[in-house]
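Next come the chains, spelled out residue by residue.
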Amino acid sequence: MLDKRRPFRLYWRALRGVAQPGSAPRSGRGGRWFKSSLPDQGPALGPASFFRVGFAKPPWGGKLKGVVRILGGKARGVALKVPASARPSPVRLRKALFDYLRLRYPRRGRFLDLFAGSGAVGLEAASEGWEAVLVEKDPEAVRLLKENVRRTGLGARVVALPVEVFLPEAKARGERFTVAFMAPPYAMDLATLFGELLASGLVEAGGLYVLQHPKDLYLPLGERRVYGENALTLVEV
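Residues numbered from 1 in each chain as written. Predicted model: local features only at pLDDT ≥ 70, side-chain atom pairs only at ≥ 80, totals over all residues. Heavy atoms only, no water.

## Digging into the side chain of N148
Note the following rule: Each helix is a run of DSSP H or I of at least 4 residues and each strand a run of E of at least 2, with the numbering of both proceeding from the N terminus. Burial status follows relative accessibility: with a 1.4 Å probe on protein chains alone, a residue under 20% of its type maximum counts as buried, one over 50% as exposed, and anything between as partly exposed. In what follows, a contact means two residues having at least one pair of non-hydrogen atoms within 4.5 Å.
By the secondary structure assignment, N148 is in helix α4 (residues 139–152). Of the residues examined, N148 reaches a relative accessible area of 0% and is grouped as buried. Not counting the four nearest positions on each side in its chain, N148 is found in contact with L80, K81, S118 and L123.

See below:
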């Protein structure tokens, strides 16, 4: 069962004891490791300097990494272009997430995808019938996001803003979502970013906050699900 409490004060107190990811790569299934240009950020908790993707084209040179595909729904099989700045969520994780959401929310609702990258998660949601909002600040990623929306023929909304700007603006407008999904670059301060999302109050009662993170990062609340070297933390409102 998901933790239905709202232990935000506990969460913020616990942040002081949460180290941030940054380590050498590990071997494993489900993809290949590539080195990123991001610096390590402290004690080793997971793959920050290295990341796993579902295809073998490396991102150097500022070129496209390759493509990922929509797994289900109306746009199933449609290829999405992936910008060099993006780290697409692995296929196994995306499939497990939407298998769960499909059963939990048969009537769907509104889906927020923060740090949207290629739109692999947000457009998967739109393909499954969710009203999706995708937030991304990188200009090249935004361009490809809009192209991916056109390719899929889905009605997703792309917002070209930094997450830290979008959250207070959306709160001021009174926006509410059924699911708020966040997959920041692993070298960022994931715990603090997720805490800011929780504090925003953007998810309606009965909804979910979801953070994708390295499996070695543990947060002091919610339900934890592990998929290879990645994990999801889910917090119910």
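There's plenty left to go through after this.
## Side note on the nonpolar core
Stated formally: Definition of nonpolar core: a set of buried residues of the types Ala, Val, Leu, Ile, Met, Phe, Trp, Tyr and Cys, connected through side-chain atoms within 4.5 Å.
With 29 residues, the main nonpolar core has L112, L114, F166, M182, F194 and Y209 as its most contacted residues. When residues of this core are traced back to their parent elements, those giving at least two are β5 (110–114), β6 (131–135), α5 (163–173), β8 (177–182), α6 (190–200) and β9 (203–214). Top contributing element to this core by residue count: α6, with six residues. Residue contacts for L112: discarding those within four places in its chain leaves V133, V135, F166, F177, V179, A180, F181 and L202. The next biggest cluster of nonpolar side chains, apart from the first, holds 18 residues, and it includes F111, A125, W130 and Y227.

## Focus: the pairing of β9
Applicable threshold: Two strands make a pair as long as DSSP finds a minimum of two bridges between them. Look down the strands so they point away from you; if the path from the first strand over the helix to the second goes clockwise, the crossover is right-handed.
Along β9, nine of the twelve residues are buried, which leaves the element largely enclosed by surrounding structure. Pairing between β8 and β9: five bridges, direction parallel. Within the sheet, the bridge partner assigned to V179 lies in β9 and is L208. In this view, the connection linking β8 to its parallel neighbour β9 by way of α6 has right-handed handedness.

## Details of the pairing of strand β11 (residues 230–236)
Within β11, seven of the seven residues are buried, which leaves the element mostly enclosed by the surrounding structure. Side chains N230, L232, L234 and E236 project from β11 onto one buried face, and the interleaved A231, T233 and V235 project onto a second face that is buried too. By the bridge criterion, seven bridges tie β9 to β11 in an arrangement that is antiparallel. Its bridge partner being in β11, L211 is matched across the sheet by T233. Hairpin connection, strand β10 (residues 223–227) to β11: the antiparallel pair is bridged by two residues, and G228 has positive phi, about 65°.

## Section: unusual backbone geometry
Residue R108 is not a glycine yet carries a positive backbone phi of 60°. Assignment of secondary structure puts R108 in the loop between α2 (91–104) and β5. Of note in the backbone geometry, F115 takes a positive phi value of approximately 60° without being a glycine. Looking at the secondary structure, you find F115 in the loop between β5 and α3 (122–127). By relative accessible area, which is 18% here, F115 ends up buried.

## So, α4
Condition: A helix's residues, less one, multiplied by 1.5 Å, set its expected span.
For α4, with 14 residues, the first-to-last C-alpha span of 20 Å sits near the 20 Å given by 1.5 Å per residue. Considering only its buried residues, α4 is in contact with β4 (79–82), α3, β6 and β7 (157–159). The first or second residue beyond α4 is G153, which carries a positive phi of 75°.

## So, the sheet that holds β11
Put simply, the rule is: Here an axis means a line fitted to C-alpha atoms, over the contact stretch when the element is a helix, while the angle between two N-to-C directions is reported on a 0 to 180 degree scale.
Ordered in space as β7-β6-β5-β8-β9-β11-β10, the seven strands form an open sheet in which the pairing is mixed. If you trace the sheet from one side to the other, it starts and ends with β7 and β10, each paired once. Put simply, the sheet's adjacent strands are angled 20° from each other on average, direction ignored. As defined by bridge partners, β5 adjoins β6 across five bridges and the pair is classed as parallel. Within the sheet, the bridge partner assigned to F111 lies in β6 and is A132. Relative to β9, α6 is tilted by about 170°, and along the sheet it contacts β5, β8, β9 and β11.

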